[in-house]
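# Survey of secondary and tertiary structure
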Amino acid sequence: MTPWPEDGSRADGPVAVDATDRLLLDEARPLLAAARPGDVVVLGDRFGALTLGALALGAPDVRVHTDAVTAEAAVRHHLARTGDAGRVAVHAALGPDLLRGARVVLLQLPPSLGELQEVAEHVARAAADDVVLLAGGRVKHMTRAMNDVLAAELRQVRATLARQKSRVLVASGVRPERRDAPSAFPVIATLTDPELRSAAGAQRVAVAAHGGTFAGAALDRGTRFLLTTAPRWRTDVADAVDLGCGTGLLAAVLALRTPAARVVATDRSAAAVASARATAQANGVADRVAVVRDDAGAGLPDASADLVVLNPPFHDRTSVRTDAAHRMFATAGRVLRPGGELWTVFNTPLRYRTALTRAVGPTEHVAQDPRFTVTRSVRG
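Now for a quick tour of the structure. (Residues numbered from 1 in each chain as written. Predicted model: local features only at pLDDT ≥ 70, side-chain atom pairs only at ≥ 80, totals over all residues. Heavy atoms only, no water.)

Our next topic: the sheet that holds strand 12 (residues 289-293). Strands sit in the order 12-11-10-13-16-18-17 across an open sheet of seven strands; the sheet is mixed. Every interior strand has two partners, whereas the edge strands, strand 12 and strand 17 (363-368), have only one. Averaged over neighbouring strand pairs, the angle between their axes works out to 20 degrees when direction is ignored. With respect to the sheet, helix 10 (residues 270-282) is in contact with strand 11 (262-267) and strand 12, its orientation differing from that of strand 12 by roughly 170 degrees. Set on the sheet, helix 11 (residues 323-335) makes contact with strand 10 (239-243), strand 13 (305-310) and strand 16 (336-347); between it and strand 16 the angle comes to about 160 degrees. (Pairing = 2+ DSSP bridges. Helix = DSSP H or I, 4+ residues; strand = E, 2+ residues; numbered from the N terminus. Axes fitted to C-alpha atoms, helices over the stretch in contact; angles between N-to-C directions. Contact = heavy atoms within 4.5 Å.)

Compared with an ideal rise of 1.5 Å per residue, which puts 14 residues at 20 Å, helix 3 (residues 69-82) spans 20 Å between its outermost C-alpha atoms and is within 8% of the ideal. Among the residues of helix 3, those classed as buried are Val69, Ala71, Glu72, Ala74, Val75, His78 and Leu79. In the stretch just after helix 3, Gly83 is the one whose phi turns positive, near 80 degrees. (Expected span 1.5 Å × (residues − 1). Buried < 20%, exposed > 50% of the residue type's maximum accessible area, 1.4 Å probe, protein only.)

The next subject is the pattern of salt bridges. Within this structure, the stated rule accounts for 26 salt bridges. For Asp39, the salt bridge identified is with Arg103, shortest N-O distance 3.2 Å. One end of the pair, Asp39, is in the loop between helix 1 (19-33) and strand 1 (40-43); the other, Arg103, is in the loop between helix 4 (96-99) and strand 4 (104-108), with 64 residues separating them in the sequence. For Asp39, a relative accessible area of 4% corresponds to the buried category. The class of Arg103 is partly exposed, set by a relative accessible area of 25%. With a closest N to O distance of 3.2 Å, Arg103 and Asp130 form a salt bridge. Highlighted residues: Arg103 in the loop between helix 4 and strand 4 and Asp130 in the loop between helix 5 (113-126) and strand 5 (132-138), separated in sequence by 27 residues. (Salt bridge = Lys/Arg side-chain N within 4 Å of Asp/Glu carboxyl O.)

Geometrically, the link from Phe185 to Pro186 is a cis peptide bond, its omega value of 0 degrees lying close to zero. Looking at where Pro186 falls in the secondary structure, it is placed in the loop between strand 7 (166-174) and strand 8 (187-191). For Ala215, which is not glycine, the phi torsion reads 75 degrees and is therefore positive. Residue Ala215 is classed as partly exposed on the basis of its relative accessible area of 36%. With a phi close to 45 degrees, Ala303 is a non-glycine residue in the positive phi region. Looking at the element boundaries, Ala303 is found in the loop between strand 12 and strand 13. Overall, the relative accessible area of 38% leaves Ala303 in the partly exposed class.

Of all 12 residues making up strand 16, nine are buried, and the element is well covered by its neighbours. One ladder, built from five bridges, connects strand 13 with strand 16; its direction is parallel. Residue Leu310 lies in a different strand from strand 16, and its bridge partner there is Thr344. Examined bridge by bridge, strand 16 and strand 18 (residues 372-378) share seven bridges and lie antiparallel to one another. Of the residues in strand 18, the one forming a bridge with Glu341 is Val378.

Once that is clear, we can look at the packing of aromatic side chains. Applying the stated criterion across every chain, the model contains three aromatic pairs. Pairing Phe225 with Phe372 gives two aromatic rings, centres 6.4 Å apart and planes at 35 degrees, and the pair type is tilted. Here Phe372 lies in strand 18 and Phe225 lies in helix 8 (residues 221-227), a separation of 147 residues in the sequence. According to the relative accessible area criterion, Phe225 is buried, its value standing at 17%. Ring centres of Phe329 and Tyr352 lie 5.0 Å apart, and the angle between their planes is 80 degrees; this geometry places the pair in the edge-to-face category. Taken together, the residues Phe329 in helix 11 and Tyr352 in the loop between strand 16 and helix 12 (353-359) connect sequence positions 23 residues apart. There is no split in this pair, since Phe329 and Tyr352 are both buried. An aromatic cluster of three or more residues is present, and its members are Phe329, Phe346 and Tyr352. (Phe/Tyr/Trp six-rings, centres within 6.5 Å; stacked < 30°, edge-to-face > 60°.)

Put into structure tokens, the structure is as follows:
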């Protein structure tokens, strides 16, 4: 078995294994060869290359966590193909159980410093004293601030030489004073934005955010613009969906403004799901907001919602991509009951109206400015 799968690459999208995966495995080779049971943790594996590579290079077993449920499914798929599923424990959440006692941690560097900080905190709280964290990324996306984030939790940080435009940061040894330090996550903020207060019918709305969640503990501009149309949203709803929920802020607004409704918040990101649960709890609506981790709402039942709100992503890490939005439109068309409404905010240049009409039903522009557009689509 080779240390990485060779299939699954696409010229126009993500690849199954890249130069960063290979460099990480080469740098970790002696550590993996000497690993004992329970030593190795892999974070951010996108298709299984790091997990399979760690096993091929000597790790007796691996614990793995990846934020996107789609990446987790890819890892499970490749493990099933190679027959290695029994040697790998896949963890749905980033937390102490994942990292307890770990001595070797392989990490694909996340795009945000907040996500990296949360990873480093978990390593410092739960891993072995002599842990070695190897964090790899593309040189063009790496900054000196990443070194500083790791150095705040671990004693030594160094950078390897670059190879094929990738580099690895090697951080080792837990700082003793960080063992019992409180975590900075989730960050919880109380928002008093007028658009939010008006939409929710509350003076204050809390938002919670883990490190890997888009926009953090704040109100992003797209969601703010969508909220200005909230007076026109249906309130005679039994079931509502926050599709691609992020922090779950819109799910909390739906629960606060329609107390009789059941609300589902769904996102593919483990960090988003944890954030949405914390946001619902902070606003006292956790009993009416069900939070689900799945891909573009794939697990939602047909004809199960009267109202869907959507602020779709237009990027995947550093790449601009719109395929997730189109899959979400299809989901909305499937899960809405006849007469149900989808309210969507998107970047005005993307011109989604035709796609929304095709996937859901008649679509009207409700609000527009040079940056954002809000549409209302009605299921026929």
